[in-house]
Structure formats: structure tokens, C-alpha cells
Amino acid sequence: MSESDAVKTAPAGWVIGVLLAADGQPMQRRYYAVGHADRAKAEWTAIDWAVRAGEVASSPVAGAEPVEALKALTRARMGTLGLAPGEVRELGWRYPRRWLG
């Protein structure tokens, strides 16, 4: 793989799922698109956004991790979906098929 191919396929962002309970509801996964290449930074950024909506799970729930990086996004994919570097987009409760395809 050439250096330019590696740059094209390198992660530039992530789709992150966070388990949280909002206003007395049972734990559900909420999805975020985060324009940070570093996976850990993207996960923490998603947690920061999720806290605004409710209580984030502190341990696994029914075998599901509280925070899960679902898919790395390339810069080209981010451009197609309209996600800028450093931007966070709340994707909601529904499984984000469009973002994971």
C-alpha cells in the first residue's frame, strides 16, 4: 500500500455508540458521528455530548459496552456525509445504517 493509499484509508473520524438512560427511560444506545481521527478522543467527545441527554452507563448492560466505536470514517466518507474535522453530529437512537455503510 502506498503512502497516499494509507492516507485515503486512515481514520479521520468515528461513529460512536453510547449507552444512556434519558429521563427515567431504560438504557438505550445513542449514536454520534465524531470528526476526530483519534479513537479515544472521539469516544470521550461522544460521552461529553451524551451526558447532556442523560445518564451514561458506568458498566456493561446486558453484555453491551457503555461506549463502542462502531466504525472508522475516512476523510472521503466524512466529506460525503458532510461531517467536518472536529465536528460532532448527534445521530439519535436509531441504528445509523447510512453512516455505517
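Provided above is the structure to which this section pertains.
As the structure is a computational prediction, the values presented were derived from the model and not from experiment.

(A) Representation of the overall build of the protein within the structure. Counting its regular elements, the protein contains four helices and five strands. Counting from the amino terminus, the protein carries its helices and strands in the arrangement α-β-β-α-β-β-α-β-α. For the protein, whose C-alpha radius of gyration is 14 Å, the value lies close to the compact-globule estimate of 13 Å for 101 residues. Each principal axis of the C-alpha distribution contributes one length, and for the protein these read about 50 × 25 × 20 Å. Relative to its 101 residues, the protein shows a buried fraction of 38%. Residue pairs at least 24 apart in sequence account for 67% of intrachain contacts in the protein once pairs closer than 6 positions are excluded. In the structure as shown, the protein presents an accessible area of about 6000 Å², 52% of it carried by carbon and sulfur atoms.

(B) Geometry of helix 2 (residues 39-51). Taking 1.5 Å as the rise per residue, helix 2 with 13 residues should run 18 Å; its terminal C-alpha atoms sit 18 Å apart, in good agreement. Here helix 2 has its buried residues at Ala-42, Glu-43, Thr-45, Ala-46, Ile-47 and Ala-50. Where helix 2 is buried, its residues meet strand 1 (13-21), strand 2 (28-34), strand 3 (55-56), strand 4 (67-73) and strand 5 (88-92). Between the side-chain oxygen at the start of helix 2 and the backbone nitrogen of Ala-40 there is a gap of 3.4 Å, and the oxygen is on Asp-38.

(C) Representation of the nonpolar core. One finds Trp-14, Ile-16, Val-18, Leu-20, Tyr-32, Val-34, Ala-42, Ala-46, Ala-50, Val-56, Ala-69 and Val-88 forming the largest nonpolar core, which totals twelve residues. Look past the residues within four positions of Trp-14 in its chain and what remains in contact with it is Tyr-32, Ala-33, Val-34, His-36, Ala-37, Asp-38, Arg-39, Ala-42, Ala-69, Lys-71, Ala-72 and Leu-73.

(D) Geometry of the pattern of salt bridges. Applying the stated rule across the entire model yields four salt bridges. The partner of Glu-68 in a salt bridge is Arg-29, with the nearest N and O atoms 3.8 Å apart. Taken as a pair, Glu-68 in strand 4 and Arg-29 in strand 2 lie far apart in primary sequence, 39 residues in all. Accessibility expressed as a relative area gives 34% for Glu-68, which makes it partly exposed.

(E) Quick peek at the side chain of Arg-30. Along the chain, Arg-30 falls in strand 2. Residue Arg-30 is classed as buried on the basis of its relative accessible area of 13%. One polar contact links Arg-30 to Glu-90, side chain to side chain, over a distance of 2.6 Å.

(F) Representation of the environment of Glu-55 within the structure. Structurally, Glu-55 is set in strand 3. On a C-alpha basis, the gap between Glu-55 and Asp-23 in space is 8.4 Å, while along the polypeptide they are 32 residues apart. If near-sequence neighbours (up to four positions away) are discounted, Glu-55 is found in contact with Leu-19, Leu-20, Ala-21 and Met-27.

Quick notes on the rules
Positions within a chain are numbered from 1, following the residues in the order the chain's sequence is written. In keeping with the model being predicted, local features are shown solely for residues with a pLDDT of at least 70 and side-chain atom pairs are shown and tallied solely at 80 or more, while totals for entire chains, interfaces and linings include all residues. Excluded from the side-chain calculation are hydrogens and water; included are all heavy atoms of the structure. Under the scheme used here, helices are H or I runs from DSSP no shorter than 4 residues and strands are E runs no shorter than 2 residues, and both carry numbers assigned from the N terminus. C-alpha atoms define the radius of gyration, and 2.2 Å times the number of residues to the power 0.38 defines the globule rule. Partly exposed residues are those whose accessible area sits between 20% and 50% of the maximum for their type, while under 20% is buried and over 50% is exposed, using a 1.4 Å probe and protein chains only. Here, two residues are considered to be in contact whenever any of their heavy atoms come within 4.5 Å of each other. In short, Shrake-Rupley with a 1.4 Å probe defines the accessible areas, and a residue's cover is counted only from the protein chains shown. Take the residue count of a helix, subtract one, and multiply by 1.5 Å to get its expected span. The term polar contact refers here to a pair of N or O atoms within 3.5 Å; inside protein, the definition further demands a hydrogen-donor-capable atom paired with an acceptor-capable atom, and it admits residues adjacent in sequence only when both atoms are side-chain atoms. The criterion is simple. A nonpolar core is a set of buried Ala, Val, Leu, Ile, Met, Phe, Trp, Tyr and Cys residues joined through side-chain atoms within 4.5 Å. Each reported salt bridge corresponds to a side-chain nitrogen of Lys or Arg within 4 Å of a carboxyl oxygen of Asp or Glu.

In short, geometric facts, not functional conclusions.
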